[in-house]
Amino acid sequence: MPVRLFTKTHLTQFLAVGTLLSGTTLVGVRAFASPAGHPTTTRMSASTTGRPSTSTSTASTLFPIPLRKVTGEAAALGGAIRAENLIKPDGAVIFVVRRPGCILCREEAMDLSTQLAPRLKSIKKQPKLMAVVAETTSVDGFLEAFKGFDTYLDEERSFQKFLGDRWLGLKGMFYPSVWKNGSRAQKRYPGLEGDLKGEGRRLGGLVVVDGQGEVVYQYNEKVFGDHAPLEEVYSAASKL
């Protein structure tokens, strides 16, 4: 009798975990493609491999972006503030969050707030550590993971667009690296939780900018749970 290696139960679990990572509802085959009007290719200046970009984008790109401070999903948003007022005078490490409810995004928030942040204090200029989200859905759990540091709403998704406006459909959940990332997060932070809410197909990343708004380091998330190496982020920040 042949051995059944992949049962219906396995398939259900597989799809559930994949949905948890992407936050995308499983509705037909169209979910595997990028939404109409949203290209899957990256900008030429973006790092398509996830390594630091050689982009020299300046203040004119990032400074005018309006951001609003987020203190909770049900709480009123803060007034609009231009990014330049947050970046000046010492620069900033900016975590561009893919989806606040994603356990992998919360894992990176924990890494940045507990591992990178203490090291940033040793830098003479002490750049600001902050996060930008494109929605406030399920943001409460994210704020808890990023405790002690400010999170801002980028309603126009300008930072994600700066990173190339890249999309990864549900095909991403079939990547072995994504499953490895999910297992890693659960092992490293056993109590960390996520949910299925929000738009999770638009990839995020991380940028380090100096006080004049020039991007000195850019990391593009390649797949769900692909995080910027902390040593690289610290090295870039220490040279501001």
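Residues numbered from 1 in each chain as written. Predicted model: local features only at pLDDT ≥ 70, side-chain atom pairs only at ≥ 80, totals over all residues. Heavy atoms only, no water.

### Considerations on the packing of helix α4 (residues 103–120) against helix α7 (residues 176–188)
A pair of packed helices can be characterised by two numbers: the angle between their axes and the separation between those axes.
So, step 1. As a packed pair, α4 and α7 sit with axes 10 Å apart at the nearest point and diverge in direction by 50 degrees. The angle between the axes of α4 and α7 places the two elements in the oblique class. For α4 against α7, the interelement crossing comes out left-handed. Along the contact surface, α4 presents Ile103, Leu104, Glu107, Asp111 and Gln115, while α7 presents Asn181, Gly182, Arg184, Ala185, Gln186 and Arg188.
So, step 2. Class assignment for the residues of the contact of α4 with α7 results in three nonpolar, four polar and four charged. (Axes fitted to C-alpha atoms, helices over the stretch in contact; angles between N-to-C directions. Helix = DSSP H or I, 4+ residues; strand = E, 2+ residues; numbered from the N terminus. Parallel < 35°, antiparallel > 145°, perpendicular 65-115°, else oblique. Left-handed = near helix turned anticlockwise from the far one by under 90°. Contact = heavy atoms within 4.5 Å. Nonpolar A, V, L, I, M, F, W, Y, C, P; charged D, E, K, R; others polar.)

### Some points on the sheet that holds strand β5 (residues 150–153)
So, step 1. Taken in spatial order, the seven strands line up as β2-β1-β5-β4-β3-β6-β7 in an open sheet, and their pairing is mixed. The open sheet is flanked by β2 (81–82) and β7 (215–220), the only strands paired with a single partner.
So, step 2. When strand β3 (residues 92–96) meets strand β4 (residues 128–133), the two strands line up parallel, connected through five bridges. Pairing of Phe95 across the sheet is with Ala131, part of β4. (Pairing = 2+ DSSP bridges.)

### A look at unusual backbone geometry
So, step 1. Cis geometry is adopted by the peptide bond preceding Pro89, which originates at Lys88 and carries an omega value of 0 degrees.
So, step 2. Position of Pro89 relative to the elements: it lies in the loop between α3 (84–87) and β3.
So, step 3. Within the chain, Asp165 stands out as a residue other than glycine whose phi angle is a positive 50 degrees.
So, step 4. The topology assignment puts Asp165 in the loop between α6 (158–162) and α7.
So, step 5. Taking the relative accessible area as the measure of exposure, Asp165 reaches 14% and is therefore buried. (Buried < 20%, exposed > 50% of the residue type's maximum accessible area, 1.4 Å probe, protein only.)

### Considerations on the confidence of the model for the protein chain
So, step 1. Averaged over every residue, the pLDDT of the protein chain is 80; the share at 70 or more is 75%.
So, step 2. Confidence scores differ between elements of the protein chain, with helix α1 (residues 8–22) showing the lowest mean pLDDT of 46 and β4 the highest of 98.
So, step 3. The model gives residues 1–17 a pLDDT under 50, and that stretch makes 10 contacts with residues more than four places away or in other chains.
So, step 4. Confidence over residues 24–56 falls short of pLDDT 50; this stretch has 63 contacts with residues more than four positions distant or in other chains. (pLDDT = per-residue confidence, 0-100.)

### A few points about the nonpolar core
So, step 1. In terms of nonpolar packing, the biggest core is built from 42 residues, with Val93, Leu206, Val208, Tyr217 and Val233 touching the most fellow members.
So, step 2. Looking at this core, the elements with two or more residues in it are β3, α4, β4, α5 (139–145), α7, β6 (205–209), β7 and α8 (230–238).
So, step 3. No other element matches the nine residues that α4 contributes to this core. (Core = buried A, V, L, I, M, F, W, Y, C linked by side-chain atoms within 4.5 Å.)

### Describing the pairing of β5
So, step 1. For strand β1 (residues 66–69) and β5, the ladder comprises two bridges, and the chain directions are antiparallel. Looking at the pairing, Lys69 lines up with Tyr152 of β5.
So, step 2. Of the pairings in the sheet, the one linking β4 to β5 comprises four bridges and is parallel in character. Looking at the pairing, Ala131 lines up with Thr151 of β5.
So, step 3. Crossover β4 to β5 through α5 is right-handed. (Right-handed = clockwise from strand over helix to strand, strands pointing away.)

### A closer look at the packing of α4 against α8
So, step 1. For the pair α4 and α8, interaxial distance at closest approach is 11 Å and the crossing angle is 35 degrees. For the pair α4 and α8, the sense of crossing is right-handed. Listed contacts from α8 to Asp111, Leu112, Gln115, Leu116, Arg119 and Leu120 of α4 are Leu230, Glu231, Val233, Tyr234 and Ala237.
So, step 2. Here the contact of α4 with α8 is composed, by residue class, of seven nonpolar, one polar and three charged.

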